Amino acid sequence: MKNTHVMMSSEGDDAELQALMERKMANGTIPTNPKDMNGTLQEPLRTGFNMNHESGESWHPPSPSPSPCRRASSVQRQRGRSIDNMATQPDRPTWNKQIEFTLAGIGTAVGLGNVWRFPYLCYRSGGGAFLVPYLLMLVVLGIPLLYMELIVGQYLRKGPVHVMEKVCPLLKGVGLATVAISFIMCTYYNVIITWALYYLFSSFQSPLPWTNCNNTWNQPNCSDHATNSSLTTTASQQFFNHKVLERTSGLGEPGTLRWELFLLLLVAWILIYLCIFKGVKSTGKVVYFTALFPYVILFALLISNAQLPGALDGIKFFIVPDWEKLMSVEVWVNAAAQIFNSIGIGFGGLMTMASYNSFNNNVLKDTLTISILNSLTSILAGFVIFSAFGYMSHLQKIPVSQLAVDGPGLVFVVYPQAFATMPVAPLWAIIFFFMLLCLGLDSEFAMVEVMVTSLMDSYSKPILKYFKMKEILVLVVCIAAFLMGIPHVMQFGIYVFQLMDHYTAIVSILFLAFFEVIAVCWVFGVGRLSDSHIEMTGKPPNIFFKLCWWVVCPTLIGVILIFSVVQFKPARYEHYVYPAWAQGLGWVIALASIIWIPLAAIHTLWVLPGTFMQRIRRSLTPFGMEKVAVVHTSGSGDMLPDLAVKL
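Rules used in this analysis
Residues numbered from 1 in each chain as written. Predicted model: local features only at pLDDT ≥ 70, side-chain atom pairs only at ≥ 80, totals over all residues. Heavy atoms only, no water. Core = buried A, V, L, I, M, F, W, Y, C linked by side-chain atoms within 4.5 Å. Buried < 20%, exposed > 50% of the residue type's maximum accessible area, 1.4 Å probe, protein only. Helix = DSSP H or I, 4+ residues; strand = E, 2+ residues; numbered from the N terminus. Contact = heavy atoms within 4.5 Å. 1 Å grid on protein atoms, 1.4 Å probe; cavity = no way out; pocket = protein on both sides within 12 Å on 5 of 7 lines; lining within 4 Å. Points joined across faces, edges and corners; volume = space filled by probe spheres on them. Salt bridge = Lys/Arg side-chain N within 4 Å of Asp/Glu carboxyl O. Disulfide = S-S within 2.5 Å. Arc of directions from axis to C-beta. Expected span 1.5 Å × (residues − 1). Bend = angle between axes of the 7 residues up to and from the residue. Phe/Tyr/Trp six-rings, centres within 6.5 Å; stacked < 30°, edge-to-face > 60°. Polar contact = N/O pair within 3.5 Å; in protein donor to acceptor, adjacent residues only side chain to side chain. Patch = residues over 30% accessible without salt bridge, like charges linked within 9 Å, V, L, I, M, F, W, Y side chains within 5 Å. Areas by Shrake-Rupley, 256 points an atom, 1.4 Å probe, with all protein chains shown as cover.

Asks: Please provide a residue-by-residue account of the nonpolar core, values included.
Replies: Among the nonpolar cores identified, the biggest contains 189 residues, and L141, W195, F340, F419, F432, F433 and L436 are the most heavily contacted of them. Element by element, the count of residues in this core is highest for helix α20 (residues 493–537), at 23 residues. For F419, the residues in contact, after removing those within four places along its chain, are L208, L301, A425, W428, A429, F432 and F433.

Following this line, the structure appears as structure tokens:
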């Protein structure tokens, strides 16, 4: 294979590297035998996961060089060979154009959470008060951590399971947990797409079916117009609860299968399969539409809503902070959780997509584009939603803060209610719910791709032996997720949905993000992360990102995690209080992803050779599960002899 040599940013960098190597060799600090820094011979593993280490290549000691300068040059060539081995994988597809990854990344980050979860959390947290911690978390957590994930994904060219197994063998379970949480989320996230399809098809009629109380599903306390009375419910609320969901009284009353929703759930999964079954080659084409079209609709809705009476009151509530709310820890935890959920930190989607990038892609450009556009989209959606809130408060003659808004009801109750009195109501309803469909599909692509990529990275040979084609594997994953989503389309489905969303999207993700940051920033190390960036782009990361990786992100996530556990609040839906057994079930759902972290740590210590302390040291050594050891140099000026890579 032809070696690929990475050019340093300037001749000064080459001179600095050569001088460093001369000093290291003069001090005798460069090992020339196949031992790691701990003096432990890199003997083969006794057993373990088949992590695709099937090359069987053995370690080759560096050839002796007569002079320090020639040896420094030799190490540089070795470094180039290691990059060539990582970057060049003939069987791994890449994006046809880099813009396809950028659009796919935007589509993954910009999803239903921007239109549903962000405005809801903002409303519940005092409007503008939520924007303060949200924007702060974006700068010190969101952007640096997305940058980190894209670097390791693009550099190692693997899915999250193998990335975490390489950067920190002891915490390789974080990668498995990432796959688990992405798969769990894709099973219920698609239910929102199902509801959007139901509303989309219901919008092709005039008047809209949720505008009046003259329907068979309406209850005696139905009101054609919004009021501030707790004794009545609006036609829009009753359409969602009694027509779409046919909701029961709680989890203790499961009810029957909603066949209309069941068929629409099947349609949603068929759409997803047709968009992703060819991998990045097909996804890259679809995202040109699904990632860009929602912006056209959002701007059109904003222009329309801004002309409604009372819209300004809603916008004021959105941008003017209630400073007392900032004293609540829950607001800060929700802001951090929203950043993780929206950008996708800890879910592995963007890390997986970055593994299909060209090796020398500009990671920082994609990071800033995806993260900033994601937050701008949330804020744009906030203006759209809160202008509608202002309109609703004008109709009801009550303050915006007293509107009945809870969870999915934001986009499936309150906003459809606002459509009812708009000019050409069916048209705006069709446009809005089609936008929700596009937003949901983009995010679902990434969740499914995490599972597919992880399986292919680990078990490509047996999978292709039995399934013959990757497309069959994608089909199997989609069918499995479809079957697991069936409880959500039963009559008690909304309670199952809220329970899973609470314990997955808020509880689990904070644990995953914490251990991922520890593994990458402290075990793999900021130095190695910078080296990887230099090897790909020729430039080191900014000092701000290094500071965030080393101090700010681990500390901040640790503090938020502690406070979220101490002040934990059980799941709820409107006035329904989940029984104790349901809360216990919620923790089981959370553990379905978190449990992989300790299990994989135990497995790592079991399969590694040597004494217990030698196993601990090697499990905390990047690439410690590899069967070979070579010297890896730091382009930033640090010698890192324990960073093992295959030649």
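From this point, the discussion proceeds with the structure in view.
Asks: Quick one: what's the story with empty space enclosed by the protein, residue by residue and with numbers?
Replies: Evaluated as defined, the whole model comprises seven cavities of 30 Å³ or more. One number sums up the size of the largest cavity: a volume of about 280 Å³. In this structure, the largest cavity is lined by 21 residues; those nearest its centre are T108, Y189, N341, S443 and M447. Contributions of two or more residues to the lining of the largest cavity are made by α3 (98–109), α4 (112–115), α8 (173–202), α14 (329–344), α15 (349–354) and α18 (425–467). By residue number, the principal contributor to the lining of the largest cavity is α14, which donates four residues.

Asks: Break down the pattern of salt bridges for me, with residues and values.
Replies: Overall, the coordinates contain four salt bridges when judged by the stated rule. Here D501 and R117 are joined by a salt bridge, their closest N and O atoms 2.7 Å apart. With D501 in helix α20 and R117 in helix α5 (residues 117–124), this pair connects stretches of sequence that are 384 residues apart. D501 gets classed as buried once you look at its relative accessible area, which sits at 7%. E449 serves as the salt-bridge partner of K470, at 3.8 Å between the closest nitrogen and oxygen. Of this pair, K470 sits in helix α19 (residues 470–484) while E449 is found in helix α18, placing the two residues 21 residues apart along the sequence.

Asks: Break down the state of the cysteines for me, with residues and values.
Replies: Counted by the stated rule, this structure contains one disulfide. Residue pairing for C213: its cysteine sulfur links by disulfide to C222, the two sulfurs lying 2.0 Å apart. The S-S bond linking C213 to C222 shows a torsion near -75 degrees; that makes this disulfide left-handed. Here the two residues C213 and C222 agree in accessibility, since each one is buried.

Asks: Explain helix α24 (residues 612–619) residue by residue, including any values.
Replies: Taken residue by residue, α24 has R615, R618 and S619 as its buried positions. Along α24, the residues classed as buried sweep out an arc of 95 degrees about the axis, all on the same side. Residues of α24 that are buried sit in contact with α23 (596–607).

Asks: Please set out helix α6 (residues 128–156) residue by residue, giving values where relevant.
Replies: The end-to-end C-alpha separation of α6 is 40 Å, in line with the 42 Å expected for 29 residues at 1.5 Å each. Taken as a whole, α6 carries its principal kink of about 45 degrees at L138. For α6, a buried count of 25 out of 29 residues is recorded, marking the element as mostly surrounded by other parts of the structure. Remark: R157 follows α6 within two positions and exhibits a positive phi of approximately 55 degrees.

Asks: Outline the environment of W332, supporting the account with residue identities and numerical values.
Replies: Tracing the backbone through its elements, the reader meets W332 in helix α14. Along the primary structure W332 and M137 are separated by 195 residues, whereas in three dimensions their C-alpha atoms are 8.6 Å apart. W332 has contacts with P133, L136, M137 and L326, leaving out every residue within four places of it along the chain.

Asks: Describe in detail the environment of N214, supporting the description with residues and values.
Replies: Relative to the elements of secondary structure, N214 occurs in the loop between α8 and β1 (222–223). Linking N214 and D224, residues 10 residues apart in sequence, is a C-alpha distance of 9.0 Å.

Asks: Which residues make up the packing of aromatic side chains, and what values go with them?
Replies: Under the criterion given, the structure shown has 43 aromatic pairs. Taking 5.2 Å as the distance between ring centres and 70 degrees as the angle between the ring planes, the aromatic pair formed by F386 and F389 counts as edge-to-face. In this pair, F386 and F389 are both assigned in helix α16 (residues 363–396), three residues apart and thus about one turn of the helix distant. Each member of the pair, F386 together with F389, is buried. Pairing Y495 with Y576 gives two aromatic rings, centres 4.7 Å apart and planes at 50 degrees, and the pair type is tilted. Residue Y495 is located in helix α20, and its partner Y576 is located in strand β4 (residues 576–577); the two are separated by 81 residues in the primary sequence. An aromatic cluster is present here, built from Y188, W195, Y198, Y199, W210, W217, F239, F240, F412, F432, F433 and F497 joined pairwise through their rings.

Asks: Tell me about the side chain of H502, and please be specific about residues and values.
Replies: Within the element layout of this structure, H502 appears in helix α20. We classify H502 as buried; its relative accessible area is 16%. At a separation of 3.0 Å, a polar atom in the side chain of H502 contacts the main-chain carbonyl oxygen of K569. Among residues more than four places away in sequence, those in contact with H502 are V507, F568, K569, P570 and A571.

Asks: I'd like a rundown of a nonpolar patch on the surface, residues and numbers included.
Replies: A grouping of L263, L266, I270 and L274 is seen on the molecular surface, where their side chains present a nonpolar patch of about 350 Å² in accessible area. Take L274: its relative accessible area is 52%, and that puts it in the exposed class.

By themselves, these figures tell us nothing about what the structure is for.
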